[in-house]
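Analysis of the macromolecular model
Residue-level listing of the chains:
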Amino acid sequence: MRIQMPAQVEQIIRKLNENGYEAFAVGGCVRDALLGREPEDWDITTSARPGQVKALFRRTIDTGIQHGTVTVMIGRTGYEVTTYRIDGEYEDGRHPKRVEFTASLLEDLKRRDFTINAMAYSHETGIVDEFGGMADLAAGVIRCVGDPLERFTEDALRILRAVRFSAQLGFAVEAGTWKAITVIAPNLARVSRERIQVELTKTLLSDHPERIREVFETGMSPYISPVFATLPQGRVRIPATLPRVKYVRWAAFLRCACEQGTTVFDGKMGEATGNTDAAATAVRILKELKMDHDTIARVKTLVSWSGVEPVAEPEAVRRAMAQMEPELWDALTELNEYGAAIRAQTAKIRADGDCLRLSELAVKGKDLIDAGVKPGKEIGAILARMLDHVLAHPEDNERETLLRADGFETDDFCQK
Ligand code: ATP
Ligand code: MG
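Procedures and definitions
Residues numbered from 1 in each chain as written. Chains lettered and ligands numbered in written order. Predicted model: local features only at pLDDT ≥ 70, side-chain atom pairs only at ≥ 80, totals over all residues. Heavy atoms only, no water. Helix = DSSP H or I, 4+ residues; strand = E, 2+ residues; numbered from the N terminus. Rg over C-alpha atoms; globule rule 2.2 N^0.38 Å. Buried < 20%, exposed > 50% of the residue type's maximum accessible area, 1.4 Å probe, protein only. Contact = heavy atoms within 4.5 Å. Areas by Shrake-Rupley, 256 points an atom, 1.4 Å probe, with all protein chains shown as cover. Lys, Arg positive; Asp, Glu negative; His and termini not counted. Charge placed at Lys NZ, Arg CZ, Asp CG, Glu CD. Axes fitted to C-alpha atoms, helices over the stretch in contact; angles between N-to-C directions. Parallel < 35°, antiparallel > 145°, perpendicular 65-115°, else oblique. Nonpolar A, V, L, I, M, F, W, Y, C, P; charged D, E, K, R; others polar. Near = heavy atom within 4 Å. Polar contact = N/O pair within 3.5 Å; in protein donor to acceptor, adjacent residues only side chain to side chain. 1 Å grid on protein atoms, 1.4 Å probe; cavity = no way out; pocket = protein on both sides within 12 Å on 5 of 7 lines; lining within 4 Å. Sits in = over half its atoms within 2 Å of the grid points. Points joined across faces, edges and corners; volume = space filled by probe spheres on them. Pairing = 2+ DSSP bridges. Disulfide = S-S within 2.5 Å. Expected span 1.5 Å × (residues − 1). Salt bridge = Lys/Arg side-chain N within 4 Å of Asp/Glu carboxyl O.

1. Brief notes about the overall build of the chain
Helices and strands together make up the secondary structure of the chain, namely 22 helices and 13 strands. In terms of overall size, the chain is more extended than a compact globule, its C-alpha atoms giving a radius of gyration of 28 Å where 416 residues would be expected to give roughly 22 Å. Dimensions of the chain along its principal axes, counting C-alpha atoms only, are 85 × 50 × 40 Å. Of all 416 residues assigned to the chain, the portion counted as buried reaches 49%. Relative to all contacts within the chain whose residues are 6 or more apart in sequence, the contacts with residues 24 or more apart total 65%. When the accessible surface of the chain is summed, it comes to about 19700 Å², and 48% of that surface belongs to carbon and sulfur atoms. One way to put it: in the chain the 55 positive side-chain charges average out to a point 3 Å from where the 63 negative ones average out.

Printed below as a string of structure tokens:
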């Protein structure tokens, strides 16, 4: 079996070989190439020690030199070249106390988490598959290398990786591996929240985002966060057709915290109501998981609007649109599955260039100051009033019209 590799990877392997070292593409890239998926990055494993790797290549970066990883730069692309290693005892269920280099490829493959991730390849040797990775790839199975209880005890993050790979590849977790996950689930409490979040995010962004349910089914959820554990898993519904955007997928998941049903937004109730509790739950979970602020803010808006539907009239749709950024509105349209009428209103509002936010208002703070309003709170209040008016009457978004409607004598400065 021959795998297509980037020329740079072939070049790195050849150079190591020419200098008497073994070298292979390894792990995720071999798995993905065999599945016909484009590997994200190509990792190389070698018998050469880090110093020996550095001596052979002109440009290298000490990425994780204490773990044996050197990044070899070719052009603008970096390739991680890691010395064969055995991971020592694990200290805290996450970090090996020390790593030990070895001359044996087999030892290096043994430390890897799943059979499908424990294959190596070179043109010279072909596929090295000591643990039945090919068979598991063909059968669509996630199975630990060696004893699953031991492997998950060494590193509890692996139990989430199992779910993540099952979602990305559409594979089933093998029974013994699944059983071990349920036993080791409490050890997740010792894994960093950020790493947990990264795995959950990858799960949600995958082809099978609904497999996030496995996190509940295996009993992991209480150890992800106490609030997370309260989510009603039965209500989780994430269409795989949603765009692969972090905040959209997280919102689709966390909307399970909302009460079912649709709330009608008639445009008169100001801020959207109904889902403030669910939005607060979503925010708490995301904060616990150290999510970035921008994503938290967006998910909060989308969850609070979950199941809220404006009546399909221009003003109500404008007032709803006015409460979020355009791309959030588009995401909400997908999440709430708005029908043709609202979509048509949206298109018309955009085509007409209707004013939806202060930045689009024809009157600026400076205009009010020029008209004699004292800088301060009052300015904001007047502008908000004008925006409110324009959302009902978009044709009035003209400086003079707005100022006059608000009782300002405009002639003075219009002549200037
Ligand atoms: P992707 O890059 O698509 O997330 P991957 O399989 O390449 O998937 P990485 O996290 O990049 O995953 O790790 C590269 C390889 O290192 C894996 O394929 C696996 O062999 C090994 N590996 C990574 N993390 C672990 C772990 N926690 N325990 C054991 N082996 C691991
Ligand atoms: Mg990778």
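2. A few points about the packing of helix 16 (residues 314-321) against helix 20 (residues 377-392)
Look at helix 16 against helix 20: their axes get within 8 Å of each other, and the N-to-C directions meet at 140°. As far as their axial angle goes, helix 20 and helix 16 are oblique. Contacts between helix 16 and helix 20 involve E315, R318 and R319 from the first element and D388, L391 and A392 from the second. Of the residues in the contact of helix 16 with helix 20, the class split is two nonpolar, no polar and four charged.

3. Brief notes about the site of ligand 1
Residues in contact with ligand 1 amount to 15 residues; listed here are only the nearest, R31, N117, D155, R158 and R164. R112 is positioned with one of its side-chain polar atoms (N or O) 3.1 Å from an oxygen atom of ligand 1. When isolated, ligand 1 has an accessible area of 580 Å², and the protein chains bury 78% of it. Assessed atom by atom at 2 Å from the grid points, ligand 1 resides in the largest pocket. Among the secondary structure elements, those contributing two or more residues to the shell around ligand 1 are helix 2 (28-35) and helix 7 (157-169). Among the elements that take part in the shell around ligand 1, helix 7 stands out by supplying four residues, more than any other. Of the residues in the shell around ligand 1, the class split is one nonpolar, three polar and 11 charged.

4. As for the layout of surface pockets
By volume, the largest pocket is sized at about 1600 Å³. Taken together, 43 residues make up the lining of the largest pocket; nearest its centre are D43, R112, R161, R164 and F165. Examining the composition of the lining of the largest pocket, we find that seven residues originate from one element, helix 7, more than from any other. Residue classes in the lining of the largest pocket are distributed as 10 nonpolar, 12 polar and 21 charged. Space inside the second largest pocket adds up to approximately 310 Å³. What lines the second largest pocket is a set of 17 residues, and nearest its centre among them are R237, R255, Q260, S306 and G307.

5. Focus: the environment of T241
Considering the arrangement of structural elements, one finds T241 in the loop between helix 12 (226-229) and helix 13 (246-254). Along the backbone, T241 and L169 are 72 residues apart, and their C-alpha atoms lie at a distance of 16 Å.

6. Regarding the sheet that holds strand 5 (residues 77-83)
Taken in spatial order, the seven strands make up an open sheet running 3-4-5-2-1-8-9, and their pairing is mixed. The sheet is open, and its two borders are formed by strand 3 (60-64) and strand 9 (126-128), each paired with just one other strand. The mean angle between the axes of side-by-side strands here comes to 35°, regardless of whether they run parallel or antiparallel. Sheet topology places strand 2 (residues 43-46) next to strand 5; four bridges connect them, and they run parallel. Paired with D43 across the strands is E80, a residue of strand 5.

7. Structural notes on the pairing of strand 2
Pairing analysis gives four bridges linking strand 1 (residues 23-26) to strand 2, with the strands arranged antiparallel. For A25, the partnering residue across the bridge sits in strand 2 and is I44.

8. Remarks on the packing of helix 9 (residues 193-204) against helix 13
The contact between helix 9 and helix 13 brings their axes to 9 Å, and the two run at 90°. Taken together, the axis directions place helix 9 and helix 13 in an arrangement best described as roughly perpendicular. Contact residues: Q197, L200, T201 and L204 in helix 9; K246, R249, W250 and F253 in helix 13.

9. Details of the state of the cysteines
What the rule picks out here adds up to zero disulfides. Cysteine C258 shares no disulfide, and the gap to the nearest cysteine sulfur, in C256, comes to 8.1 Å. C258 gets classed as buried once you look at its relative accessible area, which sits at 2%.

10. Observations regarding helix 20
Between the first and last C-alpha of helix 20 there are 24 Å, a value that for 16 residues agrees with the 22 Å anticipated at 1.5 Å per step. If you check which residues of helix 20 are buried, you get I379, I382, L383, M386, L387, V390 and L391.

11. Remarks on the pattern of salt bridges
Scanning all chains against the criterion turns up 30 salt bridges. A salt bridge links D370 to K366; its shortest N-O distance comes to 3.1 Å. Of this pair, D370 and K366 are both found in helix 19 (residues 365-370), four residues apart, which corresponds to roughly one turn of the helix. Under the relative-accessibility criterion, D370 is labelled partly exposed at 40%. Since its relative accessible area comes to 58%, K366 is described here as exposed. As a salt-bridge pair, D406 and R385 come within 2.6 Å of each other at their nearest N and O atoms. With a gap of 21 residues between them, D406 in the loop between helix 21 (399-405) and helix 22 (411-414) and R385 in helix 20 connect regions that are remote in the sequence. Classification of R385 by relative accessible area gives partly exposed; the value is 47%.

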